[in-house]
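The chain contents come next:
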Amino acid sequence: VDLVTVGHQRAARSRDDLRLAPGEVFLAGGSWLFSEPQPAVEGLVDLTTMGWQPCTVDSSGLSIAATCTVAELLDVAARHDWASQPLFRQCAEAFLMSFKIWATATVGGNLCLALPAGAMITLAVALDAEVVVWTPDGGERREPVAAFVTGVGSTTLAHGEVLRGVEVPAEALASRTAFRKMALTPLGRSSAVVTGRVDPAGRSTVTVTAATTRPVVVRLDAGPDADVVAAALAAADAWYDDPHGPADWREHVTGLLVREVCAELGS
Ligand SMILES: Cc1cc2nc3c(=O)[nH]c(=O)nc-3n(C[C@H](O)[C@H](O)[C@H](O)COP(=O)(O)OP(=O)(O)OC[C@H]3O[C@@H](n4cnc5c(N)ncnc54)[C@H](O)[C@@H]3O)c2cc1C
């Protein structure tokens, strides 16, 4: 799509360059920004020229720059033997027409867009990740990705704030994981995604995305128990309704996927 209202594009190379002028927005991979008209946008500030290292791995875990593409993240995951490694590709493949956008779409763009079917949101929430946000006053704030995404297309980002990256703790990377997805067609947009994770201490976490307007996380002190998770989800009250599935169907399907995930992790 030609963005006919856009008069300029700036390459950001320092933190000072990230101050937005009126009408400017941040540009990452552009796979969404260039996919539909943006009548309110007059200028683009390119984040990919900041030169951020896509991923850094150390004993505390994995740091993913907001500008890391899905393809770059998959490359890094493939070079590590984390117990959670399969989850990276499972989530990447949950993108609608996934392979077409892996080289372009960034992890940060996916989180900031905050679509229910945000495949990198699923991954980050499943792995208990935190966002690192740069504030316009030169500061920084952090919060769980599950709290950062507040609804369909909404996050806690204030105007001018930049998502700098996502941090995944080592304990989550060392967890066993399970993944289930439901979509109306084989490569279609996800209607419901359930992940499960058992950490090295035996605690489990089950997450729901795509079926809900925001990520829903259920934590248990022990291994996964489908009845306990189902009871927690009954209070979720965030089932999503759009052309990819009505809310009651999504709730039902999610219940089935939860049982499969818990059975896989409990076996
Ligand atoms: C074929 C196709 C399939 C798709 N499938 C899916 C899907 O299944 N699920 C899904 O969720 N999306 C999907 N998308 C939408 C989109 O491509 C992805 O969400 C992608 O991850 C967005 O990342 P991007 O880097 O291209 O973001 P951009 O298009 O560059 O930006 C997206 C938004 O985030 C803002 N932004 C980007 N980075 C930052 C940052 N670091 N800090 C602050 N704001 C920022 C931008 O200003 C913009 O508002 C699809 C798109 C296409 C074309």
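Going by the structure above, here's the rest.
The structure reproduced in this document is the subject of the present report.

Reading the values: the criteria
- Residues numbered from 1 in each chain as written.
- Predicted model: local features only at pLDDT ≥ 70, side-chain atom pairs only at ≥ 80, totals over all residues.
- Heavy atoms only, no water.
- Helix = DSSP H or I, 4+ residues; strand = E, 2+ residues; numbered from the N terminus.
- Rg over C-alpha atoms; globule rule 2.2 N^0.38 Å.
- Buried < 20%, exposed > 50% of the residue type's maximum accessible area, 1.4 Å probe, protein only.
- Contact = heavy atoms within 4.5 Å.
- Areas by Shrake-Rupley, 256 points an atom, 1.4 Å probe, with all protein chains shown as cover.
- Lys, Arg positive; Asp, Glu negative; His and termini not counted.
- Charge placed at Lys NZ, Arg CZ, Asp CG, Glu CD.
- Core = buried A, V, L, I, M, F, W, Y, C linked by side-chain atoms within 4.5 Å.
- Near = heavy atom within 4 Å.
- Polar contact = N/O pair within 3.5 Å; in protein donor to acceptor, adjacent residues only side chain to side chain.
- 1 Å grid on protein atoms, 1.4 Å probe; cavity = no way out; pocket = protein on both sides within 12 Å on 5 of 7 lines; lining within 4 Å.
- Sits in = over half its atoms within 2 Å of the grid points.
- Arc of directions from axis to C-beta.
- Pairing = 2+ DSSP bridges.
- Axes fitted to C-alpha atoms, helices over the stretch in contact; angles between N-to-C directions.
- Disulfide = S-S within 2.5 Å.

Quick notes on the overall build of the chain
Here is step 1: From N to C terminus, the chain includes nine helices and 14 strands.
Here is step 2: Taking 2.2 N^0.38 as the reference for a compact globule, 267 residues should give roughly 18 Å; the C-alpha atoms of the chain span a radius of gyration of 18 Å, in line with that estimate.
Here is step 3: By its C-alpha atoms, the chain is 55 × 45 × 30 Å across when sized along the principal axes.
Here is step 4: Residues counted as buried form 48% of the 267 residues belonging to the chain.
Here is step 5: Taking all contacts inside the chain whose residues are at least 6 apart in sequence as the whole, residues at least 24 apart take part in 59%.
Here is step 6: Total accessible area on the chain stands at roughly 11900 Å², and carbon and sulfur atoms take up 54% of it.
Here is step 7: Distance from the positive charge centre (20 side chains) to the negative charge centre (31 side chains) of the chain: 3 Å.

What about helix α5 (residues 119-126)?
Here is step 1: Burial within α5 is extensive, with eight of its eight residues counted as buried.
Here is step 2: Taken residue by residue, α5 has A119, M120, I121, T122, L123, A124, V125 and A126 as its buried positions.
Here is step 3: Looking one or two residues past α5, D128 carries a phi angle of roughly 60°, positive in sign.

Examining the nonpolar core
Here is step 1: Formed by 54 residues in total, the largest nonpolar core has its most connected members in L62, I64, L73, F88, L111 and M120.
Here is step 2: Sort the elements by how many residues they give to this core and α5 lands first, with seven residues.
Here is step 3: Not counting residues within four places of it along the chain, the set of residues in contact with L62 comprises C55, T56, V57, L73, V76, W82, F88, V166, E167, V168 and L173.
Here is step 4: Ranked by size, the runner-up nonpolar core spans 21 residues in total, among them V216, V253, L257 and L265.

Focus: the site of the ligand
Here is step 1: The full set close to the ligand counts 25 residues, and F26, G30, S31, L96 and T106 are the nearest of them.
Here is step 2: At 3.0 Å, a backbone N or O of W32 approaches an oxygen atom of the ligand.
Here is step 3: Counting atoms within 2 Å of the grid points, the majority share of the ligand lands in the largest pocket.
Here is step 4: Elements supplying a minimum of two residues to the shell around the ligand: α4 (107-113) and β10 (162-169).
Here is step 5: Of all the elements, α4 adds the most residues to the shell around the ligand, at four residues.

With respect to helix α2 (residues 85-92)
Here is step 1: Buried within α2 are the following residues: L87, F88, C91 and A92. Projection of α2 onto a plane perpendicular to its axis shows the buried side chains occupying an angular sector of 130°, all on one side.

Some details on the sheet that holds strand β1 (residues 8-11)
Here is step 1: Reading across from one edge, β1-β3-β2 is the order of the three strands in this open sheet, with parallel pairing throughout. Two strands in the sheet have a free side with no partner beyond their single neighbour: β1 and β2 (24-27). Across the sheet, the axes of successive neighbouring strands diverge by a mean angle of 25°, strand direction being ignored.
Here is step 2: The pairing of β2 with strand β3 (residues 43-46) spans four bridges and is classified as parallel. Bridging from a neighbouring strand, E24 pairs with G43 of β3.

A word on the state of the cysteines
Here is step 1: Counted according to the given criterion, the structure contains zero disulfides.
Here is step 2: Between C112, a free cysteine, and C68, which holds the nearest cysteine sulfur, the sulfur-to-sulfur gap is 14 Å.

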